[in-house]
Amino acid sequence: MRHYETTYILRPNLGDAIFTEIVDRTNAIVADFGGTLISEERIGMRRLAYAIKKEVQGYYVYINFAAPGEAVAEIERIFRIDDRVLRYLTIKLGDSIDTEGIEAERERIAATAAARAARDAAEAEEEAKGRGRRRDTPVERDDDKSDSQTDDEDDADESDDEE
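Within every chain, residues take consecutive numbers counted from 1 along the sequence as written. The model is predicted, so local features are restricted to residues of pLDDT at least 70 and side-chain atom pairs to those at 80 or more, both for listing and for counting; the totals for chains, interfaces and linings are taken over all residues. Side-chain metrics rest on all non-hydrogen atoms present in the structure, leaving aside hydrogens and water.

### Description of the sheet that holds strand 2 (residues 36–52)
For clarity, the threshold we go by: Strand pairing requires that DSSP identify at least two bridges connecting the strands. The helix count covers DSSP runs of H or I at least four residues long, the strand count covers runs of E at least two residues long, and both are numbered beginning at the N terminus. Axes here refer to lines fitted to C-alpha atoms; in helices the fit is confined to the stretch in contact. Angles between the N-to-C directions go from 0 to 180 degrees. By the convention used here, residues are in contact when the closest approach between their heavy atoms is within 4.5 Å.
If you walk across this open sheet you meet the four strands as 2-3-1-4, and the pairing is antiparallel. The open sheet has two edge strands with one neighbour each: strand 2 and strand 4 (85–94). Averaged over all neighbouring strand pairs, the angle between strand axes comes to 20°, with direction disregarded. The pairing of strand 2 with strand 3 (residues 55–67) spans 11 bridges and is antiparallel. Following the sheet pairing, Glu40 is matched in strand 3 by Ile63. Its contacts with the sheet put helix 2 (residues 69–81) on strand 1 (2–10), strand 3 and strand 4, and the angle it makes with strand 4 is roughly 165°.

Here's what the structure looks like:
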């Protein structure tokens, strides 16, 4: 089996039941071909960088899986037929992966998710502290305006010399 990741974007007006149906159908295709789903992340609604099929938002889904190439061909065939799928991209991460590699990838993804959650919690705590600061308290700055003024004066002197 090979290691793949697929990200696909669904039309935003479908509703949660249809989102779940499409995601479950895609995951079932991986399983039907003897593959293993390593992780699934429903990123959710996001604004698109540009309009795709007259849509400016989309529901993003990311799956990481191990499967034979036939599974990817079938997933992409279904995505091409289904007009509810705006875009998809499949990337081959590795030529072969075994059960030990699958478990290692699951652990890596779990560790990454834990680190992301800890970072987000720290940022939220820092932001909460920042809100507690009084507005009339001066903020310390490292820049020195006198240095930048002398640089500007030097530039002006050089332009006078060129004339």
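### Let's talk about the packing of aromatic side chains
The test is simple: When two rings of Phe, Tyr or Trp (its six-membered ring) have centres within 6.5 Å they constitute a pair, described as stacked for plane angles under 30 degrees, edge-to-face for angles over 60, and tilted for the intermediate range. Note on classification: 1.4 Å probe, protein chains only; a residue is buried when its accessible area is under 20% of the maximum for its type, exposed when over 50%, partly exposed between these limits.
For the structure shown, the criterion picks out four aromatic pairs. Taking the centre distance of 4.7 Å and the plane angle of 45° together, the rings of Tyr8 and Phe79 count as tilted. Pair noted here: Tyr8 is in strand 1 and Phe79 is in helix 2, with a separation of 71 residues, a long-range link. The same class applies to Tyr8 and to Phe79, which are both buried. Ring pairing ties together the aromatic residues Tyr8, Phe79 and Tyr88, which thus form one cluster.

### So, the nonpolar core
Here is the rule: Throughout this description, the term nonpolar core refers to a set of buried Ala, Val, Leu, Ile, Met, Phe, Trp, Tyr and Cys residues connected via side-chain atoms within 4.5 Å.
Counting 19 residues, the largest nonpolar core has Tyr8, Leu10, Val61, Phe65 and Ile75 as its most contacted members. Among the elements of the structure, strand 1, helix 1 (16–32), strand 3 and helix 2 are those that each provide at least two residues to this core. In this structure, Tyr8 is in contact with Ile22, Val23, Thr26, Tyr59, Tyr60, Val61, Phe79, Arg87 and Tyr88, ignoring residues within four places of it in sequence. Core analysis: the second largest hydrophobic core is formed by five residues, Ile9, Leu48, Ile52 and Tyr60 among them.

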